[in-house]
Amino acid sequence: MAKLTARPRQGTGKSVTRKLRASGEVPAIAYGHGQEGRALTVNAHELQMLLGSINADNTIIELEIEGGKPVQALIREVQHHPSRPYIQHVDFFQVKAGEKLHVEVPIHLHGTPIGVREGGGTLAEVLRVVSVECLPKDIPAGIDLDINDLGVGESLHVSDVTLPNVTILTDAALVICSVSAQSGAAAAEVADEAAAE
């Protein structure tokens, strides 16, 4: 499990947060389970390294808070500066083992549809994430879909996805990806190329 060290934060307000950022720290807050939010700081470099190595939308991390017990948490919001390359604030949501969560899971398509390879069709990726509800231990890292057998005029829908111990919240009728026939001009070009070969 990915880990991040946090420290209790003393004081609030713009002047305090400005000093923190100047010293390489990012203001943060940890909340959840009806507890009052805890004001924290985390090291900016460590946070950037963590965000570069995980999918922040659905990865539980171990937040090691100085002077307290480690807690498991999801990164709920990362506020970036609108014009400068640094993080202004980060929110952590504490999770419990037996408490279900709502998270977004990325979709990964694998292969090249037969409708593209042999039918001259075009693949359209419509949906890139689905929302799910599950226990922390059952959060999928991603949804892997094999699209090799998808022909022209065929689609994959959310209803085609099955995940163990997970309830999919996204509308089952939504299209994930589809293969459509090319326009007349594009199809003629493909046919000409095939004839030339």
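Residues numbered from 1 in each chain as written. Predicted model: local features only at pLDDT ≥ 70, side-chain atom pairs only at ≥ 80, totals over all residues. Heavy atoms only, no water.

### Thoughts on the side chain of Asp91
Turning to its location among the elements, Asp91 is positioned in strand E6 (residues 87–94). The charged side chain of Asp91 is buried without a salt bridge, its nearest counter-charge being Arg9 at 7.7 Å. With residues near it in sequence (within four places) discarded, Asp91 still touches Ile29, Tyr31, Leu74, Ile75, Arg76 and Glu77. (Helix = DSSP H or I, 4+ residues; strand = E, 2+ residues; numbered from the N terminus. Buried < 20%, exposed > 50% of the residue type's maximum accessible area, 1.4 Å probe, protein only. Lys, Arg positive; Asp, Glu negative; His and termini not counted. Salt bridge = Lys/Arg side-chain N within 4 Å of Asp/Glu carboxyl O. Contact = heavy atoms within 4.5 Å.)

### Looking at the sheet that holds strand E4 (residues 60–65)
What the six strands build is a closed barrel, ordered E1-E3-E2-E6-E5-E4; its pairing is mixed. The mean inter-strand angle of the sheet, taken between neighbouring strand axes irrespective of direction, is 45°. Here strand E5 (residues 71–80) pairs with E6 via seven bridges, running antiparallel. Residue Ile75 lies in a different strand from E6, and its bridge partner there is Phe92. (Pairing = 2+ DSSP bridges. Axes fitted to C-alpha atoms, helices over the stretch in contact; angles between N-to-C directions.)

### Considerations on the sheet that holds strand E11 (residues 155–157)
Two modes of strand pairing occur in sheets, parallel and antiparallel, and in both the strands are linked by backbone hydrogen bonds. Taking strand neighbours across the sheet as the criterion, the three strands line up as E8-E13-E11 in an open arrangement whose pairing is antiparallel. Edge positions in the sheet fall to strand E8 (122–125) and E11, since each has one partner strand and no second. Each strand of the sheet is rotated relative to its neighbour by a mean of 10°, with strand direction disregarded. As paired strands, E11 and strand E13 (residues 175–180) are joined by three bridges and run antiparallel to one another. In the sheet register, His157 faces E13, and the bridge partner there is Val175.

### Some thoughts on the confidence of the model for the protein chain
Note: predicted coordinates in regions of low pLDDT should not be interpreted at a detailed level. Model confidence for the protein chain is summarised by a mean pLDDT of 88, while 92% of its residues fall at 70 or above. Contacts from residues 184–188, a stretch scored under 50 in pLDDT, to residues over four places away or in other chains number one contact. (pLDDT = per-residue confidence, 0-100.)

### Notes on the pairing of strand E7 (residues 101–110)
Pairing of E7 with strand E9 (residues 129–134), which is carried by six bridges, proceeds in the antiparallel orientation. The residue bridging His102 from the neighbouring strand is Glu133, located in E9. For E7 and strand E10 (residues 143–146), the ladder comprises four bridges, and the chain directions are parallel. The residue of E10 that forms the bridge with Leu109 is Leu145.

### Some thoughts on the packing of aromatic side chains
Geometrically, a pair of aromatic rings is defined through the distance of the ring centres and the angle of the planes. Throughout the structure, instances matching the rule amount to one aromatic pair. The ring of Phe93 has Arg76 lying over it, and the distance from NZ or CZ to the ring centre is 5.3 Å. (Phe/Tyr/Trp six-rings, centres within 6.5 Å; stacked < 30°, edge-to-face > 60°. Lys NZ or Arg CZ within 6 Å of the ring centre and 35° of its normal.)

### Some points on the side chain of His89
The topology assignment puts His89 in strand E6. Looking at His89, its side chain comes within polar contact range of the side chain of Asp91, at 3.0 Å. His89 has contacts with Arg9, Val26, Pro27, Ala28, Ile29, Glu77, Val78 and Gln79, leaving out every residue within four places of it along the chain. (Polar contact = N/O pair within 3.5 Å; in protein donor to acceptor, adjacent residues only side chain to side chain.)

### Some details on the nonpolar core
Note on soluble globular proteins: their nonpolar side chains tend to be buried together. In this structure, Leu101, Val132, Ile143 and Ile176 are the most contacted members of the largest nonpolar core, which totals 24 residues. Residue assignment for this core shows that the elements contributing at least two residues are E7, E9, E10 and E13. For this core, the leading source of residues is E7, giving four residues. The residues contacting Val132, other than those within four sequence positions of it, are Leu101, His102, Val103, Val105, Leu163, Val166, Thr167, Ile168 and Leu169. Of all hydrophobic cores here, the second largest spans 20 residues; its members include Val26, Val42, Leu63 and Ile87. (Core = buried A, V, L, I, M, F, W, Y, C linked by side-chain atoms within 4.5 Å.)

### Observations concerning unusual backbone geometry
Even without glycine at this site, Asn165 takes up a positive phi of about 60°. As for its position among the elements, Asn165 is in the loop between E11 and strand E12 (167–168). Looking at Asn165, the relative accessible area reads 59%, which means it is exposed.

### Brief notes about the pattern of salt bridges
Scanning the model with the defined rule gives six salt bridges in all. Among the ionic pairs, Glu62 bridges to Lys3, the shortest N-O distance being 3.7 Å. With Glu62 in strand E4 and Lys3 in strand E1 (residues 3–8), this pair connects stretches of sequence that are 59 residues apart. A relative accessible area of 52% means that Lys3 is categorised as exposed. Among the salt bridges present, the one from Arg128 reaches Glu125, with a minimum N-O distance of 2.9 Å. Relative accessible area serves as the criterion here: at 52%, Arg128 is assigned to the exposed category. Taken together, the shared-partner salt bridges in this structure form one network comprising Lys3, Glu62 and Glu64.

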